Each structure stands twice: as structure tokens, then as C-alpha cells.
Amino acid sequence: MMMTKTKGAAALPLNTILDGDCIEVMNSLPEESVDLIFADPPYNLQLRGNLHRPDNSKVDAVDDHWDQFASFAAYDSFTQDWLSAARRLLKPNGAIWVIGSYHNIFRVGAALQNQGFWILNDVIWRKSNPMPNFRGQRFTNAHETMIWASKTEGGKYTFNYEALKALNEGIQMRSDWVLPICTGHERLKDENGDKAHPTQKPEALLHRVLVGSTNPGDVVLDPFFGTGTTGAVAKMLGREYIGIEREEAYRKVAQKRIDNVRKFDREALQVSTRKRAEPRVPFGQLVERGLLRPGEELYSMNKRFKAKVRADGTLIGADIKGSIHQVGAHLEGAPSCNGWTYWHFKRDGKVVSIDVLRQQIRAEMQA
């Protein structure tokens, strides 16, 4: 059974597809309640006549009524309204992604800036298998542009840099992404065997967006839900989703698709993080917890130096006292020192890094 809610819902309707006009529905939802918005608005293609292949067969292009606007002014007004509603919904540390083609993305970009959003990146999705240009009068349209923006200038936002780097085999993720368009088993079909939606986005694209700019449990809203790619990937990755879609046929396809999605287990949802993003553990906490005792000796990793642990979490060496970092740097004659990797303790005849104890406490904090 399809689970949709009508517009006007008082509470935040997580993991549902809402029926109605996206602007009205967004304005009915609680203010500052969403972590991320992914939007794939109408492209306003302004098509003139039908498009045919060289064999005279008609191309199944975007000619649906929802992509038709009377003028650029009408499209700009629509863009201003839905972006205003979207910005109201975002938490102070929230962000938005908007995807489009050359027909609309420049107008949307200007509207984002006018609304007060702060553009972080434009990302090029380069299609490895684009649709050919059948008329041969222009370049083949082989990419779409995504704009990633925070709610305000200087506002905090989620960016899982290390996770994206890991996705890219240890190389910093660039702003040009080469991914295929939907084909084969991923392309959803309607009851007649035709494309369920003309601009269905690949799950790989949303996987990268959500892994990179959200965390498990975050709320992701898609105001132009279509066949539910955002919801399907959000569910897999342990994020909460809210979809808004006024077309009943799309809602049915999306709900059926999402119902068949299984969420990854908790361990699989963990991603690589920067060291500084992990919970801070003061060295003194190891002493308080009895993991190290006052008077216990620590040894440098090269075994040349040793220092004694004091009750307040500082160390005392031959001619120096201070933090684990200060004492290590002084003994080595270095400008700085990472005391967590420098100092070791002895247990059962073995020399162990004190960082092992820090990780033990972190694991407890994150359990």
C-alpha cells in the first residue's frame, strides 16, 4: 500500500511521499527541520517541435506538462518561490544540491545567490553514455551541472571529505564526476514498458551526494521526487527522506521502488572520517579512568626518552613538565609533537601506544 500524506501535515512526515504542489507542501512543514535538500527541478527545455533520430523514429524527450512554462519570467518566479520555501526548511547548518542543464541551471544559480544561499561548488556530472545529438547542429549534451550551497555564508555544513576520498581510491574527489545515465535494469518502466520518468537520475549520483554531504539519521528532502531515486538511496544509506511529488503515476512507481529497498546494516554505513572529526579525548581522562596510573612511566617510540604520568594528566620528564605533546616536543628538540602516537606504555611485557587507549574510549562514546 502506498504511504503518502496530504499537504498540511503538522509534524515532520519522515520516510513518506507527500502529494501536492512542492511550494505549498514545503511551506506546511516545520521550519529548520531538514538537513539536506536535493532538488531536480523542471528544466524548462522550451522545446520546439518533435525530435527524431536519423531513422525517423521519435525521441522520447522531456515534453511533459510539468516542464512547460509560459516564459522565462514565469520560470524565474517559480524558482524564487520554491527556493524560498526550501531555505525556510533547512537547518542553520543545512545545505542544498540543485541539478540542471544549460536551459535552467544559470537562472537557478543566480536565484540561489539572491536568496542568500552560499555556493560551495558547482559539480559537473559528465555522462559516460550520453544521448547523441541526432540533428548534428550542436555539441552532444554530455553533462549536467549540480550546484551545492550552504544555507548562509560562513554557515557550517556536512562534508565527509575522507569518505569521498576513499570512494575515489585515496585520491581527493574532484568536481567533475563521470557516471553513466540510467540504463538497463536501473531504468524504471511503467505498465506499458515505457520510461517511467524521462529524467530519472542514477543511484550512483545520489550515493555520492549523500555519502559526501550527509550523515546517517539526517533528514533529506526532495521537492521534485519523481520516481524516488533520492528516497531509495537515502533508505539504503540510513538517512531519513521526505519526497514531494504531485504526479500520482510517479508516486506509485517511487513507493513500489522504495518498498523493495533494504537498508544497509549499521556497520556498513560507517564511513572514513578526518581525525579531527572524531570525539576529543583529553589525556587526563585516561588517568581518571584508571587506564594509566599516576607515577606510571611512558616511553618514546624510539625508546630514547621516558616520562612519568602525573595525577592531573600531565607528564614530567628529566627537565620538563607539561602535556604529552609539549614534553615530547621538548625531548626531541622539535617544534611540535603528536603525543598520542609518540608515547607508549608497557603491558604484559609489550610496548603499546597510548592512542590505543584513546580509541577504546572513543568506541565507548560512539556506541
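Residues numbered from 1 in each chain as written. Predicted model: local features only at pLDDT ≥ 70, side-chain atom pairs only at ≥ 80, totals over all residues. Heavy atoms only, no water.

The protein chain goes by Methyltransferase in an unreviewed UniProt entry, where it is assigned to Pontibaca salina. According to the UniProt record, the Sequence similarities (unreviewed entry) comment for the protein chain reads "Belongs to the N(4)/N(6)-methyltransferase family." As its UniProt record puts it under Catalytic activity (unreviewed entry), the protein chain is described as follows: "a 2'-deoxyadenosine in DNA + S-adenosyl-L-methionine = an N(6)-methyl-2'-deoxyadenosine in DNA + S-adenosyl-L-homocysteine + H(+)". (UniProt positions renumbered as here; feature names shortened; annotations may be inferred.)

Trainee: How do you make sense of the overall build of the protein chain when you look at a structure like this?
Mentor: Across its full length, the protein chain holds 12 helices and 15 strands. Counting across all 367 residues of the protein chain, residues that qualify as buried make up 45%. Across the protein chain, contacts joining residues at least 24 apart in sequence account for 66% of those joining residues at least 6 apart. In the structure as shown, the protein chain presents an accessible area of about 19600 Å², 49% of it carried by carbon and sulfur atoms. (Helix = DSSP H or I, 4+ residues; strand = E, 2+ residues; numbered from the N terminus. Buried < 20%, exposed > 50% of the residue type's maximum accessible area, 1.4 Å probe, protein only. Contact = heavy atoms within 4.5 Å. Areas by Shrake-Rupley, 256 points an atom, 1.4 Å probe, with all protein chains shown as cover.)

Trainee: Is there a simple way to think about the sheet that holds strand β12 (residues 315–316) in this case?
Mentor: Within a sheet, neighbouring strands are paired by backbone hydrogen bonds and run either parallel or antiparallel to one another. Within the open sheet, the 6 strands sit side by side as β13-β12-β11-β10-β14-β15. Their pairing is antiparallel. Strands at the two margins of the open sheet, each flanked by one partner only, are β13 (321–322) and β15 (350–353). (Pairing = 2+ DSSP bridges.)

Trainee: Please explain the pairing of strand β10 (residues 297–300) as it appears in this structure.
Mentor: Pairing geometry for β10 and strand β11 (residues 306–309), over 3 bridges, is antiparallel. When the sheet's bridge partners are listed, Leu-298 is paired in β11 with Ala-307. Here β10 folds back onto β11, and the loop between the two strands holds 5 residues, one of which, Lys-303, carries a positive phi near 65°.

Trainee: Looking at this model, I keep getting lost on the pairing of strand β14 (residues 343–347). Mind explaining?
Mentor: Along any regular strand the residues' side chains alternate between the sheet's two faces. Of the pairings in the sheet, the one linking β10 to β14 comprises 2 bridges and is antiparallel in character. Opposite Tyr-299, over in β14, you have His-344 as the bridge partner. As judged from the 4 bridges shared by β14 and β15, these two strands associate in the antiparallel manner. Within the sheet, the bridge partner assigned to Lys-346 lies in β15 and is Val-351.

Trainee: Can you help me understand helix α10 (residues 324–332) in this one?
Mentor: Working note: α-helix, 3.6 residues per turn, so residues spaced by three or four point in the same direction. Three or more residues of α10 are buried, namely Ile-324, Val-327, Gly-328, Ala-329 and Leu-331. In this fold, the buried residues of α10 make contact with α9 (283–288), β11, β12, β13, α11 (339–342) and β14. Gly-333 lies just past α10 and shows a positive phi near 65°.

Trainee: It is not clear to me how the packing of helix α2 (residues 72–89) against helix α3 (residues 105–115) should be interpreted in this structure. Could you clarify?
Mentor: Two numbers describe a pair of packed helices, the interaxial angle and the distance between the axes. Contact geometry of α2 with α3 gives a least axis separation of 10 Å together with a crossing angle of 45°. Judged by the angle between their axes, α2 and α3 are oblique. Here α2 runs over α3; the crossing is right-handed. Seen from α2, the contacting residues are Phe-72, Tyr-75, Asp-76, Thr-79, Gln-80, Leu-83, Ser-84 and Arg-87; seen from α3, they are Arg-107, Val-108, Ala-111, Leu-112, Asn-114 and Gln-115. Grouping the amino acids of the contact of α2 with α3 by side-chain chemistry returns 6 nonpolar, 5 polar and 3 charged. (Axes fitted to C-alpha atoms, helices over the stretch in contact; angles between N-to-C directions. Parallel < 35°, antiparallel > 145°, perpendicular 65-115°, else oblique. Left-handed = near helix turned anticlockwise from the far one by under 90°. Nonpolar A, V, L, I, M, F, W, Y, C, P; charged D, E, K, R; others polar.)

Trainee: Looking at this model, I keep getting lost on unusual backbone geometry. Mind explaining?
Mentor: Across residues other than glycine, the phi torsion is negative in most instances, and most of the peptide bonds are trans. Even without being glycine, Asn-15 reaches a positive phi, approximately 55°. One non-glycine residue with positive phi stands out, namely Lys-303, at about 65°. Relative to the helices and strands, Lys-303 is located in the loop between β10 and β11. Judged by relative accessible area, which is 64%, Lys-303 ranks as exposed.

Trainee: Which parts of the structure should I look at to understand helix α5 (residues 203–213)?
Mentor: With 8 of 11 residues buried, α5 is to be regarded as a mostly interior element. Within α5, the full set of buried residues consists of Leu-205, Leu-206, Arg-208, Val-209, Leu-210, Val-211, Gly-212 and Ser-213.

Trainee: Before we go on, may I ask you to explain the environment of Thr-214 in this structure?
Mentor: For Thr-214, the location among the structural elements is in the loop between α5 and β8 (219–222). Once the C-alpha coordinates of Thr-214 and Asp-35 are considered, the two residues, 179 residues apart in sequence, prove to be 7.6 Å apart. Among residues more than four places away in sequence, those in contact with Thr-214 are Leu-36, Thr-158, Asn-160, Val-209, Val-220 and Arg-239. Within the local environment of Thr-214, its side chain forms a polar contact with the side chain of Arg-239, the two groups lying 2.8 Å apart. (Polar contact = N/O pair within 3.5 Å; in protein donor to acceptor, adjacent residues only side chain to side chain.)

Trainee: What is the right way to look at the side chain of Ser-353 in this model?
Mentor: Along the polypeptide, Ser-353 turns up in strand β15. Among the polar contacts listed, one links the side chain of Ser-353 to the backbone oxygen of Trp-340, at a separation of 3.2 Å. Apart from the residues within four sequence positions on either side, Ser-353 is in contact with Trp-340, Thr-341, Trp-343, His-344 and Phe-345.

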